[in-house]
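# Structural characterization, general
Below, each chain spelled out in residue letters.
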Amino acid sequence: MSIRVLADGADGFALLTPRGELVGWIRGRAIGVAGFADESAAIEAAVHANRSVSEWLERNARSSLAPFGNAKPRVVHDGAHRWILSGTVPIARLPEPAPTTGDDSLTHAFEIVLRGIINEGVAIHAALIALRAARGDIDANHIRWPIQRAS
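Structure report, in brief.

What counts and how
Sequence order as written defines residue numbering, which begins from 1 separately in each chain. Given that this is a predicted model, residues contribute local features only at a pLDDT of at least 70 and side-chain atom pairs are listed and counted only at 80 or more, while totals for whole chains, interfaces and linings are drawn from all residues. Hydrogens and water molecules were not included; the side-chain quantities draw on all heavy atoms of the structure. The helix count covers DSSP runs of H or I at least four residues long, the strand count covers runs of E at least two residues long, and both are numbered beginning at the N terminus. Burial classes follow relative accessibility: with a 1.4 Å probe on protein chains only, a residue under 20% of its type's maximum area counts as buried, one over 50% as exposed, and anything between as partly exposed. When checking whether two residues touch, look at their non-hydrogen atoms; a contact exists if any pair is within 4.5 Å. For accessible areas, the Shrake-Rupley method is used with a probe of radius 1.4 Å. Any residue's cover is judged against the shown protein chains and nothing else. In a helix, the anticipated span is given by 1.5 Å times the number of residues less one. Two N or O atoms form a polar contact when they lie within 3.5 Å of each other; inside protein one atom must be a possible hydrogen donor and the other a possible acceptor, and for residues adjacent in sequence the pair counts only when both atoms belong to side chains. One side-chain nitrogen of Lys or Arg within 4 Å of one carboxyl oxygen of Asp or Glu is enough to make a salt bridge. Each pair of strands is called paired provided DSSP finds at least two bridges between the two strands. Nonpolar cores are built from buried Ala, Val, Leu, Ile, Met, Phe, Trp, Tyr and Cys residues. Side-chain atoms within 4.5 Å join them into one set.

## Overview of the overall build of the protein chain
- Counting its secondary structure elements, the protein chain contains two helices and nine strands.
- Mapped in sequence order, the helices and strands of the protein chain form the string β-β-β-β-α-β-β-β-β-α-β.
- Every one of the 151 residues in the protein chain was classed for burial, and the buried ones make up 44%.
- Relative to all contacts within the protein chain whose residues are 6 or more apart in sequence, the contacts with residues 24 or more apart total 52%.
- A total of about 8,300 Å² of accessible surface is found on the protein chain, and carbon and sulfur atoms cover 51% of it.

The structure is reproduced here in structure tokens:
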């Protein structure tokens with residue numbers, strides 16, 4: 001699946017399929033992945049994506065995500081967000097309402113909140129890693145960047 005990374009005009013980026021379906025996003029330090037049939041699928045994907053992103057951040061000397069064990073993930077509402085926790089460690093949050101992918105059967109999503117100071121390049125790369133880990137159908141050669149016009 002090809003992915004287009006587009007600035008969305010709201011200080012963030014949208015990750016889109018060639019058909020314009022939203023499959024991921026970046027908003028500050030939050031990176032999101034959409035397109036899951038139910039909440040349990042989103043939770044399972046979030047756990048896998050969190051571990052993949054954390055390993056990549058650590059390999060690249062960035063602030064990695066908080067490590068978590070193998071406790072069964074649970075969902076807790078803190079008054080503002082629904083969080084996926086492993087023990088007391090946040091893995092990701094479940095956005096409400098979840099952004100749509102264009103497929104009415106794939107309405108669930110998650111967001112991983114990165115730690116520390118994150119620039120756009122790191123956030124974009126982390127989002128692409130999370131998308132690949134969660135969805136399994138993304139490869140580096142599938143990413144299409146917007147054409148840069150000479151100024």
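## Examining helix α2 (residues 120-135)
- For α2, which comprises 16 residues, the first-to-last C-alpha distance of 22 Å matches the rise-based estimate of 22 Å (1.5 Å per residue) to within 8%.
- Those residues of α2 lying buried are Val122, Ala123, Ile124, Ala126, Ala127, Leu128, Ile129, Ala130, Leu131, Ala133 and Ala134.
- N-cap assignment for α2: the residue whose side-chain oxygen lies 3.1 Å from the backbone N of Gly121 is Asn119.
- Where α2 ends, the next residue or the one after it, Gly136, has phi of about 70°, a positive value.

## With respect to helix α1 (residues 39-59)
- Across its 21 residues, α1 extends 30 Å between first and last C-alpha, which sits within 8% of the 30 Å expected from 1.5 Å per residue.
- Restricting attention to buried positions, one finds in α1 the residues Ala42, Ile43, Ala45, Ala46, Val47, Ala49, Asn50, Ser52, Val53, Ser54, Trp56 and Leu57.
- If you follow the buried residues of α1, they end up packed against β4 (30-36), β5 (74-77), β6 (82-86), β7 (89-94), β8 (108-113) and α2.
- Of the residues one or two after α1, Ala61 is the one with positive phi, at around 55°.

## Examining the pattern of salt bridges
- In the structure shown here, the tally under the stated rule is four salt bridges.
- The salt bridge involving Arg82 is made with Glu39; its shortest N-O contact spans 2.7 Å. Placement of the pair is Arg82 in strand β6 and Glu39 in helix α1, with a sequence separation of 43 residues.
- Residue class for Arg82 comes out buried when judged on its relative accessible area of 18%.

## Quick notes on unusual backbone geometry
- The phi torsion at Ala61 lies on the positive side, around 55°, for a residue other than glycine.
- Its place among the elements puts Ala61 in the loop between α1 and β5.

## Considerations on the pairing of strand β1 (residues 3-7)
- Inspection of the sheet shows β1 paired to strand β2 (residues 12-16) by four bridges, in the antiparallel sense. By the bridge assignment for β2, Arg4 is matched with Leu16.

## Things to note about the nonpolar core
- Counting 40 residues, the largest nonpolar core has Leu15, Ile26, Ile31, Val53, Phe110, Ile112 and Leu114 as its most contacted members.
- Considering each element in turn, this core owes the most residues, 11 residues, to α2.
- In this structure, Leu16, Leu22, Ala34 and Ala109 belong to the second largest nonpolar core, which totals six residues.

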